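# Survey of secondary and tertiary structure
These are the residues of each chain, in order.
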Amino acid sequence: PQGFRAAGGFRGIYNGIGAAAIGSAPGAALFFSVYEFLKVKVNALGIVEDPALGHVVAASAGEAAACLVRVPTEVMKQN
């Protein structure tokens, strides 16, 4: 335990917040765009019988797409 000031004070607390903010908004936008698009398409095309499963498929694809943005920004934030 080095203490608050020795660890960088407030500057140390907020280190990396710029990269997190830059990556968070596009990642969320990509998630919801893919999710909303696929939710309608999967259920309309009858790919799955249960509509709840259509939501699961759409959310999984949306999360995978969002990771394309989120993971590199997390790496930048930690370095």
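Scroll up a little and you will see the structure.
These numbers come from a predicted model, not from an experiment.

## Things to note about the overall build of the protein chain
Each helix and strand counted, the protein chain has three helices and zero strands in total. Secondary structure of the protein chain in N-to-C order comes out as α-α-α. Radius of gyration (C-alpha) of the protein chain: 19 Å, far over the 12 Å computed for a compact globule of 79 residues. By principal-axis analysis of the C-alpha atoms, the protein chain measures approximately 60 × 20 × 15 Å. A buried classification covers 20% of the 79 residues belonging to the protein chain. Counted over contacts in the protein chain with a minimum sequence separation of 6, partners at least 24 positions apart contribute 57%. Split by element, the accessible area of the protein chain, about 5700 Å² in all, is 66% carbon and sulfur. For the protein chain, the distance from the average position of its 6 positive side-chain charges to the average position of its 5 negative side-chain charges is 19 Å.

## Side note on a nonpolar patch on the surface
Among the surface-exposed residues, Phe4, Phe10, Ile13, Tyr14 and Ile17 lie close enough to one another that they form a single nonpolar patch of about 570 Å² accessible area. With respect to the helices and strands, Phe10 occurs in helix 1 (residues 9–13). Assessed through its relative accessible area of 57%, Phe10 is described here as exposed.

Cut-offs applied
- Chains are numbered independently. Their residues run from 1 in the order of the written sequence.
- Per-residue local features of the predicted model are confined to residues with pLDDT of at least 70, and side-chain atom pairs are confined, for both listing and counting, to 80 or more; whole-chain, interface and lining totals are unaffected and use all residues.
- By convention in this description, side-chain values take in all heavy atoms of the structure and omit both hydrogens and water.
- Runs of E in the DSSP output that reach at least two residues are strands. Runs of H or I that reach at least four are helices, and both are numbered from the N terminus.
- Radius of gyration: over C-alpha atoms. The globule rule applied is 2.2 Å multiplied by the number of residues raised to the 0.38 power.
- Think of it in three bands: with a 1.4 Å probe and only protein chains considered, a residue is buried below 20% of the maximum accessible area for its type, exposed above 50%, and partly exposed in between.
- Contacts are residue-level and defined by heavy atoms, with any inter-residue pair within 4.5 Å sufficient.
- Surface accessibility follows the Shrake-Rupley procedure with a 1.4 Å probe radius. Residue values consider only the protein chains on display as shielding.
- The charged-residue count follows a simple rule in which Lys and Arg add positive charge and Asp and Glu add negative charge, with His and chain termini not counted at all.
- The location of each charge is read from NZ of Lys, CZ of Arg, CG of Asp or CD of Glu.
- Note that patches include only residues with greater than 30% relative accessible area and no salt bridge, and the join distances are 9 Å for like charges and 5 Å for nonpolar side chains (Val, Leu, Ile, Met, Phe, Trp, Tyr).
- Within this document, salt bridges are pairs made up of a side-chain nitrogen of Lys or Arg and a carboxyl oxygen of Asp or Glu, the two lying within 4 Å of each other.

The quantities given are spatial measurements derived from coordinates; they are silent on function.
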